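Each chain, letter by letter, is given below.
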Amino acid sequence: AMKVGLWQDALLASDMALAIDEQDHKAWFRRACALEGLGRYSDEYEALNNVRKFSVGRPDRGRIEKEVEARWEALQSMHEVDSLRQARSLALALETGLFSSGRSGPAAAAAAAAAALAPVAADTDGDRQLPLPVLLDGTVATAASAAAAVPACGGSR
């Protein structure tokens, strides 16, 4: 189900596996992937913690820990980028008067929202834009680059 993006089905399948064996680290990992696909990031944190908890003492613990760490870092990056975009959106909305009674109308609101969600370009005059985080290799972090940096959840485990 995960390979074709059926996240709700994948979540149901992982929950059924966990009903049989609550300590199945693979089922917890698949649950984390399904939750990520559904955009339920706070629940994904809990599932990843359970992968760590139930993989203790396994001979392949090192490999499992690397996979969990990669997912954890990608999740944190996506959360940081999302937080920055929300802050940019709010700042732009306040600056353009989106919440005021004298706003220009729906077209102006749509343009403001589109500008807030667009990638940040070089800002020469220092107004309005907040930079996205810069990674150690010098590239600018985005949700897409964070997700691309780790193996896809739909792969074999």
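Residues numbered from 1 in each chain as written. Predicted model: local features only at pLDDT ≥ 70, side-chain atom pairs only at ≥ 80, totals over all residues. Heavy atoms only, no water.

We now examine the overall build of the chain. Along its length, the chain carries 6 helices and 0 strands. The order of α-helices and β-strands along the chain, N terminus first, is α-α-α-α-α-α. When the accessible surface of the chain is split by element, carbon and sulfur atoms take 58% of a total near 9,600 Å². (Helix = DSSP H or I, 4+ residues; strand = E, 2+ residues; numbered from the N terminus. Areas by Shrake-Rupley, 256 points an atom, 1.4 Å probe, with all protein chains shown as cover.)

The geometry of two aromatic rings is summed up by the distance between their centres and the angle between their planes. Under the counting rule described, the total for this entry stands at 2 aromatic pairs. When the ring of W28 is compared with that of F54, the centres are 6.5 Å apart and the planes differ by 20°; the resulting orientation is stacked. With W28 in helix α2 (residues 25–37) and F54 in helix α3 (residues 41–54), this residue pair connects regions lying 26 residues apart in the sequence. Each member of the pair, W28 together with F54, is buried. Measuring from centroid to centroid gives 4.8 Å for Y45 and W72, while their planes differ by 70°, and the two rings are edge-to-face. Taken together, the residues Y45 in helix α3 and W72 in helix α4 (residues 61–95) connect sequence positions 27 residues apart. Overall, the relative accessible area of 22% leaves Y45 in the partly exposed class. Given a relative accessible area of 17%, W72 falls into the buried group. It is R52 that lies over the ring of W72; its NZ or CZ is 5.4 Å from the centre. (Phe/Tyr/Trp six-rings, centres within 6.5 Å; stacked < 30°, edge-to-face > 60°. Buried < 20%, exposed > 50% of the residue type's maximum accessible area, 1.4 Å probe, protein only. Lys NZ or Arg CZ within 6 Å of the ring centre and 35° of its normal.)

Another aspect to go through is a nonpolar patch on the surface. Judged by side-chain polarity, L90, L94 and F99 come together as a nonpolar surface patch covering roughly 340 Å² of accessible area. Locating L90 in the fold gives a position in helix α4. What makes L90 partly exposed here is its relative accessible area of 45%. (Patch = residues over 30% accessible without salt bridge, like charges linked within 9 Å, V, L, I, M, F, W, Y side chains within 5 Å. Salt bridge = Lys/Arg side-chain N within 4 Å of Asp/Glu carboxyl O.)

The next thing to look at is α2. Residues separated by three or four positions in an α-helix point in the same direction, a consequence of the helix having 3.6 residues per turn. Compared with an ideal rise of 1.5 Å per residue, which puts 13 residues at 18 Å, α2 spans 18 Å between its outermost C-alpha atoms and is within 8% of the ideal. Within α2, 10 of the 13 residues are buried, which leaves the element mostly enclosed by the surrounding structure. Every buried residue of α2 is listed here: H25, A27, W28, F29, R31, A32, C33, A34, L35 and E36. Close packing links the buried residues of α2 with α1 (7–20), α3 and α4. Between the side-chain oxygen at the start of α2 and the backbone nitrogen of K26 there is a gap of 3.0 Å, and the oxygen is on D24. (Expected span 1.5 Å × (residues − 1). Contact = heavy atoms within 4.5 Å. Polar contact = N/O pair within 3.5 Å; in protein donor to acceptor, adjacent residues only side chain to side chain.)

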